[in-house]
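Structural overview for review
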Amino acid sequence: MARPRRGDGGHAYGNKPWHFGRIGGVFVPADALARFLRDRIGAENVRFVSGTDCFGSPINEGYRKLVEAGEFSGTIADYVLANHERQKATLEAFQVSLDIYEGSGIGLSGIKQQEMTDAFITRLYDNGWLE
């Protein structure tokens, strides 16, 4: 069995729009399971959650290439948000029944991720494991 290349598989990086393979290979099976479980154990017991990974080298590299080519002039946050919105619209167009679709650096999810990261780094520093 071939391993997926880095950046493929389950990651949903905020660096590009999605193709049908991503929707059909990742979200359609998960959506079928979520719908099945909602039918069997009740919608109140099922949360289908996904989102955009807003951090990582594929995002930085995609952003850098577009900026250097003069094809994008916003910030990296603008770039990720635009891709997140396109990804979300694609899921809606295919009627994927997500309960929550957020981004690791967007909105409340972004705030919570920053708080957790700050707490983790502070604890490492306070314990002398980080200078």
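Preceding this section is the structure that the text describes.
Report follows, based on the coordinates. This one's a predicted model, so the numbers in the text were calculated from it and none came from an experiment.

1. Digging into helix α3 (residues 76-93)
A rise of 1.5 Å per residue sets the reference length of α3, with its 18 residues, at 26 Å; its end C-alpha atoms lie 26 Å apart and thus fit the reference within 8%. Taken as a whole, α3 has its buried residues at Tyr79, Val80, Asn83, His84, Gln87, Thr90 and Leu91. Taken around the axis of α3, the buried residues stretch over an arc of 130°, which confines them to a single face. Away from its buried face, by an angle of more than 90 degrees, α3 presents the exposed residues Ala77, Glu92 and Ala93.

2. A short note on the environment of Phe55
Looking at the secondary structure, you find Phe55 in the loop between β1 (49-52) and α2 (57-68). On a C-alpha basis, the gap between Phe55 and Ser104 in space is 7.6 Å, while along the polypeptide they are 49 residues apart.

3. Here's the deal with a nonpolar patch on the surface
On the surface, Phe120, Ile121, Tyr125 and Leu130 cluster together into a nonpolar patch covering about 410 Å² of accessible area. With respect to the helices, strands and loops of the structure, Leu130 is situated in the segment after α4 (107-126). Given a relative accessible area of 33%, Leu130 falls into the partly exposed group.

4. Quick look at the packing of aromatic side chains
This structure, assessed with the given rule, holds 4 aromatic pairs. Judged by centre distance (5.6 Å) and plane angle (75°), the rings of Phe72 and Tyr79 are edge-to-face. Look at Phe72 and you get partly exposed, because its relative accessible area is 22%. Taking the relative accessible area as the measure of exposure, Tyr79 reaches 3% and is therefore buried. Ring-pair connections join several aromatic residues into one group, and the members of that group are Tyr63, Phe72 and Tyr79.

5. Quick look at the pairing of strand β2 (residues 100-103)
Side chains Tyr101 and Gly103 project from β2 onto a buried face, and the interleaved Ile100 and Glu102 project onto a face without burial. Both β1 and β2 contribute to a ladder of 4 bridges, which runs parallel. Residue pairing in the sheet places Val49 in a bridge with Ile100 of β2.

6. Some thoughts on the packing of α2 against α3
Two quantities define a packed helix pair, namely the angle between the axes and the distance from one axis to the other. The contact between α2 and α3 brings their axes to 10 Å, and the two run at 105°. It follows from the interaxial angle that α2 and α3 lie roughly perpendicular. Counted together, Ile59, Asn60, Gly62, Tyr63 and Leu66 of α2 and Ile76, Tyr79 and Val80 of α3 form the full contact between these two elements. Here the residues of the contact of α2 with α3 are counted per class, giving 6 nonpolar, 2 polar and no charged.

Analysis parameters
Each chain has its residues counted from 1, following the order in which its sequence is written. With the structure being a predicted model, the display of local features is reserved for residues of pLDDT at least 70 and the display and counting of side-chain atom pairs for 80 or more, all residues being used for whole-chain, interface and lining totals. Side-chain calculation: all heavy atoms of the structure are included, whereas hydrogens and water are not. By the criteria applied, helices consist of DSSP H or I runs no shorter than four residues and strands consist of E runs no shorter than two, each listed in order from the N terminus. Take the number of residues in a helix, subtract one, and multiply by 1.5 Å to get its expected span. Using a 1.4 Å probe on the protein chains alone, a residue whose accessible area is under 20% of its type maximum counts as buried, one over 50% counts as exposed, and one in between counts as partly exposed. Throughout, the arc means the angular range of directions from the helix axis out to the C-beta atoms. Exposure above 30% relative accessible area and no salt bridge define the residues that can form patches, which grow by joining like charges within 9 Å and nonpolar side chains of Val, Leu, Ile, Met, Phe, Trp and Tyr within 5 Å. Areas reported here follow the Shrake-Rupley algorithm with a probe of radius 1.4 Å; residue values treat only the protein chains shown as occluding. For this analysis, a salt bridge means a side-chain nitrogen from Lys or Arg found within 4 Å of a carboxyl oxygen belonging to Asp or Glu. Here a Phe, Tyr or Trp ring, Trp counted by its six-membered ring, pairs with any other such ring whose centre lies within 6.5 Å, and the pair is stacked when the planes are under 30 degrees apart, edge-to-face when over 60, and tilted otherwise. Two strands qualify as a pair provided that DSSP identifies no fewer than 2 bridges between them. Angles run from 0 to 180 degrees between N-to-C directions of axes, and those axes are lines fitted to C-alpha atoms, restricted for helices to the stretch in contact. Any angle that is under 35 degrees is reported as roughly parallel, and any over 145 degrees as roughly antiparallel; angles of 65 to 115 degrees are reported as roughly perpendicular and all others as oblique. Residues count as neighbours in contact if any of their non-hydrogen atoms are within 4.5 Å of one another. When residues are grouped by polarity, Ala, Val, Leu, Ile, Met, Phe, Trp, Tyr, Cys and Pro land in nonpolar, Asp, Glu, Lys and Arg in charged, and all others, Gly among them, in polar.

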